[in-house]
Structure formats: C-alpha cells, structure tokens
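Residue-level structure breakdown
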Amino acid sequence: MEQAFVKRTRVAAAVAAIVMTAWGTHAHGAGFALQENAGSGTGNAFAGGAASAEDASTVWSNPAGMSRLASPQVAAAVHFITPSFKFQNEGSLPAMFQPFGGNGGDAGSLNVVPNLYVAVPIYPQWSVGVGINAPFGLVTEYDDNWLGRFQAVKSDIKTINVNPAVSWRVAPNFSVGLGVNWQRVDAELTKRINYTGALGVAAGQAVAAGLIPVTLVPTIIGATPGLESKVKVEGDDSAWGWNIGFLWDATPQTRIGGQYRSSIKYDVGGNVSFEHPALPTLPPALAPVVGLLAAGVNANLANGGIRADIELPDVANLSVFHRLDDRWDVMADLQFTRWSTFKELRFLRTTGALLSLTPENFEDAWRFSVGATYHYNDAWSFRGGLAYDQSPVRTADRTPRLPDADRYWIAVGAQYKFNRNLALDGGFVYIPVKDPEINQNDGSTTANGLIKGHYDVNVTVFSLQLTYTF
C-alpha cells in the first residue's frame, strides 16, 4: 500500500507540473456561459455529466465521480467554437449628426477553449484532482463603422478557473466530492461616442449659461459633423468559489449524480481610455468657441480608473446514467443557472462618479439534455445527444454585446481507444439559435442611435480530447 501511494504521489506531482504550465494559456470564450468543459461529453451534448464519471473531466462535472477512477488519469481537451452573429436591419435609426453605417458584418469568430484535468486515487476511498477550464466567456466584434457602433463594437470577456477537488467513497454505492475554485476574469469592452452630439450638448449648456447666442449652435454643429470618439474599458479581478457533488449507484446499471457550484463575486478594477477626434479646420471666429467646448467635453470624457461589481451565477445539475446492456448507455441532465444575479453592468470611476450603466436583468435559465452511447467494440464507441438551452437574456434588454436567445443542440461524437491507457474523443455540435430580436437605443436614440431588427445566429463546436490512464 505504501509503495502504491508513493508511486501515485509522484504521478500527481508530475501531472501538477503539466497543469501549471498549461495555466498560462488564454481561454477565448464564445457566449457567456460555456458548456464546453470536456471533450468526451461533447458528443452527448453534455447529457449525464454529473453521473457519467467517464474520465478525469469529472473533476469539473462532479468531483464525486473521481471515486470511479481506479488509476491516475489525465484528460486534455480543446474546443473550436465558431459562433455567427449577423444583424438584419429592420428600421434602425442613426445617432444625431452621424452617418448611418452598415449592418456590422459577422460579429462572431473562431474561438479556442482548452481544458485540462487530472484525477489521482490516493487511498481506496479517497481521490484528489485538479481541473483548469474556462466556464464563462464572450467574444463579439462588429465592423468599426456599423450602425450600432455607439452601443458596442468589441466585447471580449475571458475567464480561467482552477479547481482542486477531493472525493470520498462514503459507502460502496455512494460518494461525495468537494472542490474550491480560484477564478479570474479579464474584460475588454469598446464602442464609439457621438462626439458631435456631445459638442451640441455642451453648446446648449453654454447657451443656457448665457455664454454664446443660441443662433451659434447650428453653426457649431454644421462645422463639426460626424465626429466620433473611441472608448475602451478594460478590467480584471480574481475571486473564490466552491462546488460540491454526490454520486449514487442506485443499481449496478444506474447512476444518479448531482452537483452545485457557488456563485462568484468580482470587484473588477481597471481603466477607461478615450481617443478623441481632431477638430476640423474652423473659421477664426468660431475656432476659439469650439475649442473651449471640446475642452469641456474632453474633461468629462477623460481617462481614469474604473471599477464594477459583478456576480457570476451559481449552477446546479442533476444527472442520470443508465447502462441498457453491453452495447448501449443512455443519459440525461437537468441544469439550473441562477442568472438573475446579473442585473446590470455598472461601471464607476474610482472617484465614485458613474461612468456607464447598462440594464441586463438576466432571468434564471434551465438546460435539459439527453444522450446515448453505442459501444461498437472494445476500441470504438459512438455518441449522440440533444439539448434545449434556455437563454437568460430578456428581449427588452437584449444588447448587441450579447444577442442571445433560446437554442437547441444537435451533437454527435466518437471515441477510439488505442489501448487500455490511451483514448481519443471527438465531438461535433450544431446549435441553431432562435432569431433574437433587438430594439435598443441604450437610453438615447439621439446619442446612440436605434438598433432595430433581428440576428441570424448559429454556433458550431468541434472538440477533441486525449485521455491517458497511468
């Protein structure tokens, strides 16, 4: 027993070195919540995730499942996620004093999401493991001159989650698992600001103060058409959470598993930066007035520190796995995500002044999936799955940063075992999304324009996972 423990400890130490090396990889997420956290589950649409306990990726889906692994194991996966977001204009309006712009092109692009998991049995009843993945992510980017540029151009949110966990076999047919999660978020948001409109507001304030005559305002606007500023908000933070799960062998053929992951609260800190346009050549009598107005606008739109409080949701899963016979497995999963924690995106300057406020009003969401696996022979297995994934985004609050709606998953996959130690999984998913409608002016059509229409949205996912058992 002691020699076996020493051997497994050395394996764990070697694998930990691999894990820490991979930790430096950036995770590029598509969508806000990422289901793609195991390559072996892709082909089943991640049905039965908390009960399957097929490989080391159970560290994420349910740490109690590590009790089923008899030997140390490493699972490394990569997901190629390609969302497509194409806006179709149906009555949009330009911001005042600005050209209209196009439809923005395809705001989606290829994103690569890696996962890495290690599970090591250390005693007959105990196992430890660690997982590294990207549970949340968002990337959308439109053409710079699109009609909604005053509401969004680029949205890039990345997370990385490091999840050490332990499982304990309480009884021959019942195990529990517990994990802690260190998670980091990095965000970059960009858009344009209607600088000509801001000059018009400043000119109106000058008129109210008796500094310039009202007849001068149209002249100022006419001399400075179509001016735009660029704004970028960047921020990051790290925070802690936890997860707990159970796995019950209800019969020799049937397993039931459940997991809960806590919400994670961030105090994001960062910076806002502005790139203001150069003023055009103006008549000598007008230049000093416009220069003073521009100085006032630039003072309000100044670079500086920002912060935001963000709570990412807690998630609960209940799964069932059943072996029909030597050839067929079937599985199902019910997932609840408490997205109602995400009410707004509020950025404050470090002085306490409000920089921006976007109502989100996310709703709690459910996801249901079913799947089956056919074991053709000792080497080959084939998978399939379907899922219904409810969106937390309300139509009234939908923004171009996340033009999301309810979606369906159609998944297929296969596994090939080279030998008893090495297995390769592949999976493909097509996700058609119900056409999201949008009618959004971010509080002011004059300043930001009106985005009105719908999106054509779909997502494809291709996953690969290599699993090695020591």
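Relevant structure appears above.
The following paragraphs examine the structure supplied in this document. Within each chain, residue numbers correspond to sequence positions counted from 1 in written order. Totals for whole chains, interfaces and linings use all residues, but because this is a predicted model, local features are given only for residues with pLDDT of at least 70 and pairs of side-chain atoms are given and counted only at 80 or more. With hydrogens and water set aside, each side-chain value is computed from the structure's full complement of heavy atoms.

**Things to note about the overall build of the protein**
Only runs of H or I of at least four residues qualify as helices and only runs of E of at least two qualify as strands under DSSP, and these elements are numbered from the N terminus. Counting its regular elements, the protein contains eight helices and 20 strands. Its C-alpha atoms give the protein principal-axis dimensions of roughly 90 × 45 × 35 Å. Exposure is judged per residue with a 1.4 Å probe applied to protein chains only, and the accessible area is read against the type maximum: over 50% gives exposed, under 20% gives buried, and values in between give partly exposed. Residue burial in the protein is summarised as follows: out of 470 residues, 50% are buried. Across the protein, contacts joining residues at least 24 apart in sequence account for 75% of those joining residues at least 6 apart. For this analysis, residues touch if any pair of their heavy atoms sits within 4.5 Å.

**Some remarks on the pattern of salt bridges**
If the charged atoms of two oppositely charged side chains come close together, the side chains can form a pair. Any carboxyl oxygen of Asp or Glu that lies within 4 Å of a side-chain nitrogen of Lys or Arg is treated as forming a salt bridge with it. Across all of its chains, the model carries 19 salt bridges by this definition. Measuring nitrogen to oxygen at the nearest pair gives 2.8 Å for the salt bridge that ties Glu228 to Arg149. Here the residue Glu228 occupies a position in strand 7 (residues 228–251), and Arg149 occupies one in the loop between strand 4 (137–141) and strand 5 (154–171), the gap between them amounting to 79 residues. According to the relative accessible area criterion, Glu228 is partly exposed, its value standing at 22%. In this structure, the salt-bridge partner of Asp236 is Arg184, at a minimum N-O distance of 3.2 Å. Placement of Asp236 in strand 7 and of Arg184 in strand 6 (residues 174–194) is noted, with a sequence separation of 52 residues between them. Overall, the relative accessible area of 26% leaves Arg184 in the partly exposed class.

**Some remarks on the environment of Leu279**
Looking at where Leu279 falls in the secondary structure, it is placed in the loop between strand 9 (264–275) and helix 7 (287–300). Sequence separation between Leu279 and Val118 is 161 residues; the distance between their C-alpha atoms is 58 Å. Once you skip the residues sitting within four places of it in the chain, Leu279 turns out to touch Tyr195, Leu199, Leu227, Val290, Gly291 and Ala294.

**Section: helix 7**
Given a rise of 1.5 Å per residue, 14 residues ought to cover 20 Å, and the 20 Å separating the end C-alpha atoms of helix 7 matches this to within 8%. Within the sequence span of helix 7, burial applies to Val290, Leu293, Ala294 and Val297. One side of helix 7 holds all its buried residues, which, seen down the axis, span an arc of 100°. Structural note: helix 7 exposes Leu292 and Ala299 on the side pointing more than 90 degrees away from its buried face. For a helix, the expected span equals 1.5 Å multiplied by the number of residues minus one. When we speak of the arc, we mean the arc of directions from the helix axis to the C-beta atoms.

**As for the packing of aromatic side chains**
Aromatic contacts are taken between Phe, Tyr and Trp rings whose centres are within 6.5 Å, Trp giving its six-membered ring; a plane angle under 30 degrees counts as stacked, one over 60 as edge-to-face, and the others as tilted. In the structure shown here, the tally under the stated rule is 20 aromatic pairs. Where Phe336 meets Trp366, the ring centres are 4.9 Å apart and the plane angle is 55°; that geometry is what we call tilted. With Phe336 in strand 12 (residues 328–337) and Trp366 in strand 15 (residues 365–375), this residue pair connects regions lying 30 residues apart in the sequence. On the basis of relative accessible area, Phe336 is assigned to the partly exposed category, the value being 24%. An aromatic cluster is built from Trp328, Tyr374, Tyr376, Trp380, Phe382, Tyr416 and Phe418, whose rings are joined through pairwise contacts. Remark: a charge is flagged as sitting over a ring if the NZ atom of Lys or the CZ atom of Arg is within 6 Å of the ring centre and within 35 degrees of the ring normal. The ring of Trp60 has Arg261 lying over it, and the distance from NZ or CZ to the ring centre is 3.5 Å. A cation over an aromatic ring shows up here: Arg367 above the ring of Trp409, its NZ or CZ 4.5 Å from the ring centre.

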